[in-house]
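Below, each chain spelled out in residue letters.
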Amino acid sequence: MLGRRPAPEERPRWDRILHFTQEVWHGQARGLFFLNATSGQMPMSFVQALLAMSYHPIPLAGTGTEKVVDIGIQRTMDAILEQGHGDVVLASHDGDYIPQVERLLDAGRKVGVLCFREFLNGQLADLTERGLQIYDLEDDLGAFNAVLPRVRIIPLAAFDPSRYL
């Protein structure tokens, strides 16, 4: 979206994301952050920051051809379904999780997706008819300290011309 490395104020404030989830769904949230550690390295300063914000970093390693983060998230969503309770808020634009999201919704679980709406997979977006809740990281959460240079459809009621002046 930026076409460059984000400036510090353009990076998501992960603590706001966890706080938003707790407030919107009126309860405790366990923040899991999946990392690809196939290289054998972890960004320790980032891991320490996640721990300080009460996230649980989950560094996964695979063969190099596996999408370890996607597989880890899919397995976690399956495990949540199997344990008989728990709702899910997923930060992703991908359609890789559609089967898991569908099964959770069919089981009566609350499922939300945190994303930039303009990048959300269309099939995933269609699941709103079945109860999926979509939250925009910038507009709904205020997860950034700067206005991002996004081009997206803006509902007229939410249009603020001062943002563009």
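Residues numbered from 1 in each chain as written. Predicted model: local features only at pLDDT ≥ 70, side-chain atom pairs only at ≥ 80, totals over all residues. Heavy atoms only, no water.

(A) Region of interest: the sheet that holds strand E3 (residues 88–91). The strand order E3-E4-E5 describes an open sheet built from 3 strands, whose pairing is parallel. Each edge of the open sheet is held by one strand with a lone partner, namely E3 and strand E5 (133–136). Averaged over neighbouring strand pairs, the angle between their axes works out to 20 degrees when direction is ignored. Note: strand E4 (residues 111–115) against E5, 4 bridges, orientation parallel. Within the sheet, the bridge partner assigned to Leu 114 lies in E5 and is Tyr 135. (Pairing = 2+ DSSP bridges. Helix = DSSP H or I, 4+ residues; strand = E, 2+ residues; numbered from the N terminus. Axes fitted to C-alpha atoms, helices over the stretch in contact; angles between N-to-C directions.)

(B) The arrangement of the environment of Ala 125 in detail. Positionally, Ala 125 belongs in helix H5 (residues 122–125). With a relative accessible area of 26%, Ala 125 lands in the partly exposed category. C-alpha of Ala 125 to C-alpha of His 93: the two residues are 32 residues apart in sequence and 9.3 Å apart in space. (Buried < 20%, exposed > 50% of the residue type's maximum accessible area, 1.4 Å probe, protein only.)

(C) View of the layout of surface pockets. In this model, the largest pocket occupies a volume close to 1,200 Å³. In terms of lining, the largest pocket is formed by 46 residues, of which the most central are Gly 31, Leu 32, Val 89, Leu 90 and Ala 91. Looking at the lining of the largest pocket, the elements that each hand over two or more residues are helix H1 (14–24), strand E1 (31–36), helix H3 (68–82), E3 and E4. For the lining of the largest pocket, the element with the most residues is H3, which contributes 6 residues. Residue classes in the lining of the largest pocket are distributed as 27 nonpolar, 12 polar and 7 charged. Taken as a whole, the second largest pocket holds about 290 Å³ of empty space. In this structure, the second largest pocket is lined by 14 residues; those nearest its centre are Asp 139, Arg 152, Ile 153, Ile 154 and Pro 155. (1 Å grid on protein atoms, 1.4 Å probe; cavity = no way out; pocket = protein on both sides within 12 Å on 5 of 7 lines; lining within 4 Å. Points joined across faces, edges and corners; volume = space filled by probe spheres on them. Nonpolar A, V, L, I, M, F, W, Y, C, P; charged D, E, K, R; others polar.)

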